Amino acid sequence: QNEITKYLTAPSAEESLIYHISAVAIQTGLRLAELCGLCWDRVDFRRNLIHVTRTRDKTGVKDSTKNKLSRIIPMTAMVRALLTELFDERDPDCEFVFLGSKGGPIPYGHIYRQFGIAQADANIKNKIRFHDLRHTFASNYMMSGGNVFDLQKLLGHTKIEMTMRYAHFSPDHLQGSLRFMNMVEDENKRDVP
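Note that this is a predicted model, so its numbers are computed, not measured.

Criteria and thresholds
- Residues numbered from 1 in each chain as written.
- Predicted model: local features only at pLDDT ≥ 70, side-chain atom pairs only at ≥ 80, totals over all residues.
- Heavy atoms only, no water.
- Helix = DSSP H or I, 4+ residues; strand = E, 2+ residues; numbered from the N terminus.
- Contact = heavy atoms within 4.5 Å.
- Areas by Shrake-Rupley, 256 points an atom, 1.4 Å probe, with all protein chains shown as cover.
- Salt bridge = Lys/Arg side-chain N within 4 Å of Asp/Glu carboxyl O.
- Buried < 20%, exposed > 50% of the residue type's maximum accessible area, 1.4 Å probe, protein only.
- Axes fitted to C-alpha atoms, helices over the stretch in contact; angles between N-to-C directions.
- Parallel < 35°, antiparallel > 145°, perpendicular 65-115°, else oblique.
- Left-handed = near helix turned anticlockwise from the far one by under 90°.
- Nonpolar A, V, L, I, M, F, W, Y, C, P; charged D, E, K, R; others polar.
- Core = buried A, V, L, I, M, F, W, Y, C linked by side-chain atoms within 4.5 Å.
- Pairing = 2+ DSSP bridges.
- Polar contact = N/O pair within 3.5 Å; in protein donor to acceptor, adjacent residues only side chain to side chain.

Novice: In this structure, what is going on with the overall build of the chain? I would like to understand it.
Specialist: Helix and strand counts for the chain stand at ten helices and five strands. The contacts of the chain with a sequence gap of at least 6 include a subset with a gap of at least 24, amounting to 56%. When the accessible surface of the chain is summed, it comes to about 11,300 Å², and 54% of that surface belongs to carbon and sulfur atoms.

Next comes the structure, spelled out in structure tokens:
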């Protein structure tokens, strides 16, 4: 969490287009292509939800996600504030949420370049990829007491095995194992005369 704060408060991050997209990634676990494909028609301020139904990558916009599943992500207070700020400043002629300096959809090359600059300015020692923000979201979700089955839905994983790699971050994970062991042990004691 210290590195997240350092990164988000680095001058180059705060002053660049990468700030909003990085902050939303950390708070939602959305993939970069999902963030780049996010349009205002999928942001529901009334119900405080983001509908993830499309992606945009180097080849263009696709009306589906990586796993061909749409999903709904609740907005945290921070995400809502960031998206409200972008909505208030938006160009009514552009449907995309995250824009580049010329007003069109934010270019991939710009994201990677600015992400690297912001990390250097924040003095992040171990360089990370943009996709690692998704892992950061998942790890923090579990460390905050999240449920692995809810996390599966938030991340859009089709198989629980993909999500289980975050289960060990749960503070209750190992404790739950011990409770199970104690239950078995107690039952065994009852069987002994």
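Past the structure itself, the notes keep going.
Novice: Please explain the pattern of salt bridges as it appears in this structure.
Specialist: Opposite charge on two side chains permits them to pair, given that their charged atoms come into close proximity. This model, assessed by the stated rule, comprises eight salt bridges. Among the ionic pairs, aspartate 63 bridges to arginine 54, the shortest N-O distance being 3.6 Å. By relative accessible area, which is 68% here, aspartate 63 ends up exposed. The exposure class of arginine 54 is buried, given its relative accessible area of 10%. Aspartate 132 is paired through a salt bridge with arginine 129; the nearest N and O atoms lie 2.8 Å apart. In the salt-bridge network here, residues are joined through shared partners; they are Asp41, Arg42, Arg54 and Asp63.

Novice: Mind showing me how you'd approach the packing of helix 7 (residues 132–143) against helix 8 (residues 148–155) here?
Specialist: To describe two helices that pack against each other, one gives the angle between their axes and the distance between the axes. Following both chains from N to C, one finds helix 7 and helix 8 inclined at 155°, their axes separated by 10 Å at the closest point. The orientation of helix 7 with respect to helix 8, classified from their angle, is roughly antiparallel. Like other packed secondary-structure pairs, helix 7 and helix 8 cross with a definite hand, here right-handed. From helix 7, Arg134, Phe137, Ala138, Tyr141 and Met142 reach across to helix 8, where they touch Val148, Asp150, Leu151, Leu154 and Leu155. Grouping the constituent residues of the contact of helix 7 with helix 8 by class yields eight nonpolar, no polar and two charged.

Novice: How do you make sense of the nonpolar core when you look at a structure like this?
Specialist: Generally speaking, a soluble globular protein has its nonpolar side chains buried in company with each other. Core analysis: the largest hydrophobic core is formed by 47 residues, its most contacted members being Ile21, Leu83, Phe98 and Phe130. Looking at this core, the elements that each hand over two or more residues are helix 1 (2–8), helix 3 (18–28), helix 4 (32–36), strand 2 (49–52), helix 5 (77–89), helix 6 (108–121), helix 7 and helix 8. Per element, the largest residue contribution to this core is seven residues, and it comes from helix 3. For leucine 83, the contacting residues outside a window of four places in its chain are Val24, Trp40, Val43, Phe45, Ile50, Met75, Val97 and Phe98.

Novice: How should the sheet that holds strand 5 (residues 71–74) be read in this particular structure?
Specialist: Hydrogen bonding along the main chain pairs the strands of a sheet, whether they run parallel or antiparallel. The three strands are arranged 1-2-5 in an open sheet whose pairing can be described as antiparallel. Both outer strands of the open sheet, strand 1 (43–44) and strand 5, are each paired with one neighbouring strand and no more. Taken together, the two bridges between strand 1 and strand 2 define a ladder with antiparallel strand orientation. What sits directly across from aspartate 44, in strand 2, is leucine 49.

Novice: Whenever I open this one, the side chain of serine 22 confuses me. Can you help?
Specialist: With respect to the element layout, serine 22 can be found in helix 3. A distance of 2.9 Å separates the side chain of serine 22 from the backbone oxygen of isoleucine 18, its partner in a polar contact. Sequence-distant contacts of serine 22, defined by excluding residues within four places in its chain, comprise Tyr7, Leu8, Phe115, Phe130 and Leu133.

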